[in-house]
Amino acid sequence: MDNANHHTMTKPSHYDSDLWNEDLAPTNKASRTWDWKDYAALWVAMVVCVPTYLLSAGLVSEGMNWYQAVITVLLGNVIVLVPMILIGHAGAKYGLPFPVLLRSAFGTKGAKIPALARGLVACGWFGINTWVGGSAIYVILNSLSGDGFVGQPLPFLGIDIAQTLCFFAFWALHLVFIKYGTESIRWLETYAAPFLILMGLVLLGWAYVQAGGFGEMLASPSQFVVGGAKEGQFWSAFFAGLTSMVGFWATMALNIPDFTRFAKSQKDQMIGQAVGLPLPMALFAFIGVAVTSATVTIYGEAIWDPVALAGRMGGMGVVLALAALALATLTTNLAANMVAPAYGFSNMAPSKISFKMGGYITAGIGVAIFPWKLLETAGGYLFTWLTGYSALLGPIAGVLLADYFLLKKSNLNIDALFQHNGEYGLNSGWNMAGLSALVIGILPNIPGFLHAAGFVSSVPAIFDTLYAYAWFVGLLVASAVYLILSKRVATPVATLS
């Protein structure tokens, strides 16, 4: 099923073999099969996942009431939709994947650095989500067998044998879809999306009936009101939360060309993404808050973690709920965390690493990071992890957008993207304007990150403020620096040619 027509391609003789393979080549007419419904389904299937369910939870624990949390999620996704559609434009216009597009701004060799940065973030996510899916299977087995599978933690791993096997079983599922390529992922997302929405609504209905309405949490006021625990601190919490929401999909906003390159038209990718991202995201965040709010009435405590909640339900409910959870995790993981690093690793050595091989490497790294240990210690999940890598990805988006729209006016020389001696291969393949802008865009956020992650005990307040807007700061600084440096470099290059 992997766009078979890709494989009839032969490398044009003037292309460099370390820049080209069948998977990185521009898509042809026959492989552009995705319409707006495919993109909407792709997004719905990606949005419905455990981290999304937990997003509003993080905001409520920061002091927001339910609708402030849901509106923050909605706004963050409306904002991130903009770079998503803009960067997706290049994919739909030229049929190029993200790592190849990067060559225009970072040079034919320099492009490997941002592609790898995006890929490694995805490997981290890939491991975490695989662990979540494996845990769901583990909970199903135990709830059906009366904890028959609970055992002693294995030495070195720190998890029991059944947990280990469930993790690898779920991990192996991904390998099947890696084998059959992007078309098989589209097929899965399209069929899973309606089922996942239905399951979310069923869960909402269950909670409503069990609790006799959505209990206390939806009634409780925000902590920012006059006399509240965090009186007057709403805006600082709101902007930090908003940056985290943008950071959540900042990964996909970069490598969205990996998907839009299969679009039938620009209109298809634009409408599909607009329909599939902001509203489903807000709806699912609302389901998270509403169901958790009902658990206070049903179980006497707030249960945020959907895996733990499903375990409490008991009976057939638990099997259904966790099967849906596992499916939701699989669809999100394949699209959001497997495709980008697969192309990214392929780009490192195109003649040796295909898209498929890149996918297998991703899966390998996903195991090697011991995701369960990563989750154990990530107390500051929202602000350390999400804001932290948005500080890295914002500048890449800034350079890409400035390059493609402002500098190149969305005109790219396709041949030169695959040649070291073309216009994107100057300075032996390292575009110093792009790489310098990337570094300078990251710098302002480093002190704030070190503070948030607990590496240093304090930094001047200005850095904490900047860090709250990490993605935006990085994007604006990097795009401005890139345009200034490109203008300075442009004059002598023009006279040379």
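Draft legend 1. View of the overall build of the chain. In terms of helices and strands, the chain carries 24 helices and zero strands. The dimensions of the chain, computed from C-alpha atoms along their principal axes, are 75 × 50 × 50 Å. A buried classification covers 57% of the 497 residues belonging to the chain. The long-range fraction of contacts in the chain, counting pairs at least 24 apart against all pairs at least 6 apart in sequence, stands at 82%. Here the chain has roughly 19400 Å² of accessible surface; of this, 70% comes from carbon and sulfur atoms. The positive charge centre, built from 23 side chains, and the negative charge centre, built from 23, are 11 Å apart in the chain.

Draft legend 2. Expanded view of the side chain of serine 104. Take serine 104: it is sitting in helix H5 (residues 103–106). Beyond its immediate stretch of four places on either side in the chain, serine 104 contacts Asp403, Lys408, Leu412, Leu417, Tyr424, Asn431 and Tyr482.

Draft legend 3. Quick look at the packing of aromatic side chains. Applying the stated criterion across every chain, the model contains 31 aromatic pairs. With a centroid separation of 5.3 Å and 80° between ring planes, the pair formed by phenylalanine 167 and tryptophan 372 is classed as edge-to-face. Of this pair, phenylalanine 167 sits in helix H7 (residues 161–211) while tryptophan 372 is found in helix H17 (residues 371–377), placing the two residues 205 residues apart along the sequence. Residue classification places phenylalanine 167 among the buried positions, given a relative accessible area of 1%. Residue classification places tryptophan 372 among the buried positions, given a relative accessible area of 6%. Members of the aromatic cluster, each reached through a chain of ring pairs, are Trp131, Phe156, Phe167, Phe168, Trp171, Phe370 and Trp372.

Draft legend 4. Inspection of helix H6 (residues 112–145) at higher detail. Its 34 residues place the ends of H6 49 Å apart at the C-alpha level, agreeing with the 50 Å of an ideal helix rising 1.5 Å per residue. Most of H6 is tucked away, with 25 of its 34 residues classed as buried. Phi for glycine 146, located one or two positions after H6, is positive at around 60°.

Draft legend 5. Quick peek at the packing of helix H1 (residues 36–47) against helix H11 (residues 266–276). Close contact between H1 and H11 brings their axes to 7 Å; oriented N to C, the two are set at 35°. For the pair H1 and H11, the sense of crossing is right-handed. For the pair formed by H1 and H11, the contact residues are Trp36, Tyr39, Ala40, Trp43, Val44 and Val47 on the first element and Asp268, Gln269, Ile271, Gly272, Gln273, Val275 and Gly276 on the second. Taken together, the residues of the contact of H1 with H11 break down into eight nonpolar, four polar and one charged.

Draft legend 6. Structural context of the pattern of salt bridges. Within this structure, the stated rule accounts for five salt bridges. In this structure, aspartate 35 and lysine 37 form a salt bridge, with 3.3 Å as the shortest nitrogen-oxygen distance. Overall, the relative accessible area of 48% leaves lysine 37 in the partly exposed class. Among the ionic pairs, lysine 408 bridges to aspartate 403, the shortest N-O distance being 2.6 Å. Taking the relative accessible area as the measure of exposure, lysine 408 reaches 19% and is therefore buried. Several salt bridges share partner residues, and in doing so they unite Asp38, Glu183 and Arg186 into one network.

Draft legend 7. How the structure looks around empty space enclosed by the protein. Following the criterion strictly, the structure yields four cavities of 30 Å³ or more and no others. There is about 90 Å³ of room inside the largest cavity. Surrounding the largest cavity, Cys49, Pro51, Trp125, Asn129, Phe248, Trp249, Thr251, Thr332, Ala336, Asn337 and Tyr389 form its lining. Contributions of two or more residues to the lining of the largest cavity are made by H6, helix H9 (234–255) and helix H14 (315–337). Residue classes in the lining of the largest cavity are distributed as seven nonpolar, four polar and no charged.

Analysis parameters
Residues numbered from 1 in each chain as written. Predicted model: local features only at pLDDT ≥ 70, side-chain atom pairs only at ≥ 80, totals over all residues. Heavy atoms only, no water. Helix = DSSP H or I, 4+ residues; strand = E, 2+ residues; numbered from the N terminus. Buried < 20%, exposed > 50% of the residue type's maximum accessible area, 1.4 Å probe, protein only. Contact = heavy atoms within 4.5 Å. Areas by Shrake-Rupley, 256 points an atom, 1.4 Å probe, with all protein chains shown as cover. Lys, Arg positive; Asp, Glu negative; His and termini not counted. Charge placed at Lys NZ, Arg CZ, Asp CG, Glu CD. Phe/Tyr/Trp six-rings, centres within 6.5 Å; stacked < 30°, edge-to-face > 60°. Expected span 1.5 Å × (residues − 1). Axes fitted to C-alpha atoms, helices over the stretch in contact; angles between N-to-C directions. Left-handed = near helix turned anticlockwise from the far one by under 90°. Nonpolar A, V, L, I, M, F, W, Y, C, P; charged D, E, K, R; others polar. Salt bridge = Lys/Arg side-chain N within 4 Å of Asp/Glu carboxyl O. 1 Å grid on protein atoms, 1.4 Å probe; cavity = no way out; pocket = protein on both sides within 12 Å on 5 of 7 lines; lining within 4 Å. Points joined across faces, edges and corners; volume = space filled by probe spheres on them.

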